[in-house]
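# Notes for the structure review
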Amino acid sequence: MQNENIEFYKGYFLRFKIFFEKAAITAASKHEINLSKDFISFMEMFYESLFLHESSLWKKAVDKFVKEHSKAKTEHFLSMLFYLFINNIIKFFYTKEFPWQIMQKCYESMNKPMEYLFSSKIIKEEIEKKGDNERENPIKNYELFEILKKSVKKEGNVKLYNTYKGIPIEKDGKIVDIKNDAIYIKPHPIQEVAAIKQNMIFIKKNPSLPSDICANFKITVINGENVFKITKSQISQKNLLNRKYIRIKPTEPLYAKIHTKPKEEILKVNDLSIGGISLEKRSQILFSLPHEIDISLPITGFSTLKFSANLVKVTKHNEGFLYHFKINQTKKSEYILSEYISKAQLQIIKELRENYRSLSLK
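To start, this report covers the structure provided alongside it. In this text the structure is predicted, and so the values were computed from the model without any measurement.

### Looking at the overall build of the protein
From N to C terminus, the protein includes nine helices and 14 strands. A sequence separation of at least 24 residues applies to 63% of the contacts in the protein between residues at least 6 apart. Surface summary for the protein: the accessible area is close to 20500 Å², and the carbon and sulfur share equals 49%.

### Points about the sheet that holds strand 12 (residues 292-297)
The six strands are arranged 9-10-11-14-13-12 in a closed barrel whose pairing can be described as antiparallel. Pairwise comparison of adjacent strand axes, ignoring direction, gives a mean angle of 45° for this sheet. Here strand 9 (residues 255-259) runs beside strand 12; their pairing, made up of three bridges, is antiparallel. Within the sheet, the bridge partner assigned to His-259 lies in strand 12 and is Asp-294.

### A short note on unusual backbone geometry
Phi is positive for Ser-70, which is not a glycine, with a value near 95°. Residue placement: Ser-70 occurs in the loop between helix 3 (57-69) and helix 4 (71-93). Ser-70 gets classed as buried once you look at its relative accessible area, which sits at 10%. Positive phi, normally seen in glycine, also occurs at Asn-199, with a value near 65°. Tracing the sequence through the fold places Asn-199 in the loop between helix 8 (189-198) and strand 4 (201-203).

### Looking at empty space enclosed by the protein
Summed over all chains, the structure comprises one cavity of 30 Å³ or more. The volume enclosed by the largest cavity comes to roughly 40 Å³. Phe-42, Met-43, Phe-46, Ala-61, Val-62, Phe-65, Thr-74 and Leu-78 are the residues that line the largest cavity. Among the secondary structure elements, those contributing two or more residues to the lining of the largest cavity are helix 2 (37-52), helix 3 and helix 4. Here the lining of the largest cavity is composed, by residue class, of seven nonpolar, one polar and no charged.

### Looking at the environment of Phe-13
By the element assignment, Phe-13 lies in helix 1 (residues 3-30). What makes Phe-13 buried here is its relative accessible area of 0%. Here the alpha-carbon distance between Phe-13 and Cys-106, two residues 93 residues apart in the chain, equals 9.1 Å. The residues contacting Phe-13, other than those within four sequence positions of it, are Tyr-47, Phe-51, Leu-52, Ile-102, Lys-105 and Cys-106.

### Examining the nonpolar core
Of all hydrophobic cores here, the largest spans 80 residues; its most connected members are Phe-16, Phe-85 and Leu-297. Apart from the residues lying within four places of it in its own chain, the contact partners of Phe-16 are Tyr-47, Phe-85, Ile-89, Phe-92, Phe-93 and Ile-102. Ranked by size, the runner-up nonpolar core spans 19 residues in total, among them Leu-144, Val-158, Ile-201 and Ile-213.

### Concerning the pattern of salt bridges
Summed over the entire model, instances satisfying the criterion amount to nine salt bridges. Measuring nitrogen to oxygen at the nearest pair gives 3.4 Å for the salt bridge that ties Glu-146 to Lys-149. On the criterion of helical spacing, the pair formed by Glu-146 and Lys-149 is a turn pair, its members being three residues apart in helix 7 (residues 141-155). Assessed through its relative accessible area of 8%, Lys-149 is described here as buried. In this structure, the salt-bridge partner of Glu-280 is Arg-282, at a minimum N-O distance of 3.1 Å.

### Structural notes on the sheet that holds strand 8 (residues 235-238)
In space, the eight strands of this open sheet follow the order 6-7-3-2-1-4-5-8, with antiparallel pairing throughout. Both outer strands of the open sheet, strand 6 (218-222) and strand 8, are each paired with one neighbouring strand and no more. Geometrically, the sheet is characterised by an average inter-axis angle of 40° between neighbouring strands, direction not taken into account. Across four bridges, strand 5 (residues 212-215) lies against strand 8 in antiparallel orientation. Residue pairing across strands places Ala-215 opposite Ile-235, the latter belonging to strand 8. Sheet contacts for helix 7: strand 1 (157-164), strand 2 (167-178), strand 3 (182-186), strand 4, strand 5, strand 7 (225-231) and strand 8; angle to strand 8, the most-contacted strand, approximately 80°. Lying on the sheet, helix 8 is in contact with strand 1, strand 2, strand 3, strand 4, strand 6 and strand 7; it crosses strand 1 at an angle near 55°.

### Describing the packing of helix 2 against helix 3
The relative placement of two packed helices is expressed as an angle between their axes plus a distance between the axes. One can describe the packing of helix 2 onto helix 3 by two numbers: an axis separation of 8 Å at closest approach and a directional angle of 140°. The angle between helix 2 and helix 3 places the two elements in the oblique class. As for how helix 2 packs across helix 3, the hand of that crossing is left-handed. Contact residues: Phe-39, Phe-42, Met-43, Met-45, Phe-46, Ser-49 and Leu-50 in helix 2; Leu-57, Trp-58, Ala-61, Val-62, Lys-64 and Phe-65 in helix 3. Tallied by class, the residues present in the contact of helix 2 with helix 3 amount to eleven nonpolar, one polar and one charged.

Parameters at a glance
Residues numbered from 1 in each chain as written. Predicted model: local features only at pLDDT ≥ 70, side-chain atom pairs only at ≥ 80, totals over all residues. Heavy atoms only, no water. Helix = DSSP H or I, 4+ residues; strand = E, 2+ residues; numbered from the N terminus. Contact = heavy atoms within 4.5 Å. Areas by Shrake-Rupley, 256 points an atom, 1.4 Å probe, with all protein chains shown as cover. Pairing = 2+ DSSP bridges. Axes fitted to C-alpha atoms, helices over the stretch in contact; angles between N-to-C directions. Buried < 20%, exposed > 50% of the residue type's maximum accessible area, 1.4 Å probe, protein only. 1 Å grid on protein atoms, 1.4 Å probe; cavity = no way out; pocket = protein on both sides within 12 Å on 5 of 7 lines; lining within 4 Å. Points joined across faces, edges and corners; volume = space filled by probe spheres on them. Nonpolar A, V, L, I, M, F, W, Y, C, P; charged D, E, K, R; others polar. Core = buried A, V, L, I, M, F, W, Y, C linked by side-chain atoms within 4.5 Å. Salt bridge = Lys/Arg side-chain N within 4 Å of Asp/Glu carboxyl O. Parallel < 35°, antiparallel > 145°, perpendicular 65-115°, else oblique. Left-handed = near helix turned anticlockwise from the far one by under 90°.

Here is the structure:
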């Protein structure tokens, strides 16, 4: 960057510093973050390193914030902070000449900590529940395999789990054989297709199995039937989350309109449930959105569904970002979404069965 450009940007960003501090105070209050003198000084350092000096100190600021507040809380705080900050800048330019390169510089600078937050360099999300033995003291593979062998001998069969386009597939798996180095499991035909598509299988915990297990497998044929061969080197502990609602990926492209100012945005629906929706924005720049937003969703066979939703989190996704929302349900939205998801679920299950038939013919 040339010297004249540096001074050009500095002149504006020195004036914007007060906007940033006010936005930081508001965002901190919303997220129950203590407003101390250290916090204000901390935000000043963060702002100056990000917008004025272009140093790497902002990375240390993000690291420190994650250690103190968690990765999720840092993500939500920064999203709100940047949203409030950019809104103030837009208001500032409303009656003035609009130098677009300033806005571009803002987006580029704000995108740095968000990209860093989503990268592998950032400190991992701290353990959600203290004393979670699965994470604090993970069981070694060979020990886990011995526990699994004892469990299947005692329980007889195992409960297998996969997802296919968001639909949970949970069926009993029949134990065909147990050897010193391998366990052979015959899955339900639907489970077999889902596992092949997902390239792994999950074994759910039970009274004699202390944790869920994630396993890679090799397909082998026993008595003319496909069987999953699982060895001790292919398994690891896994904590499966039980979602309140079934979340499906639309079987055909579905687009939602989010009502933002100054203009509305059309985003592709990544997945959908009665309680939530995630929308995909193909952009390398992370855009902040209000905490609560109005969404219009045209669903075939119904009038356009309109509802409000709260932004829960933003995650990196392929060529852009996924914005995850919790839907504020009404009787109408719950009915329409239930109908849509039920039909989509049947279609996905039908697709699974057709895939199994195709697989059987090979």
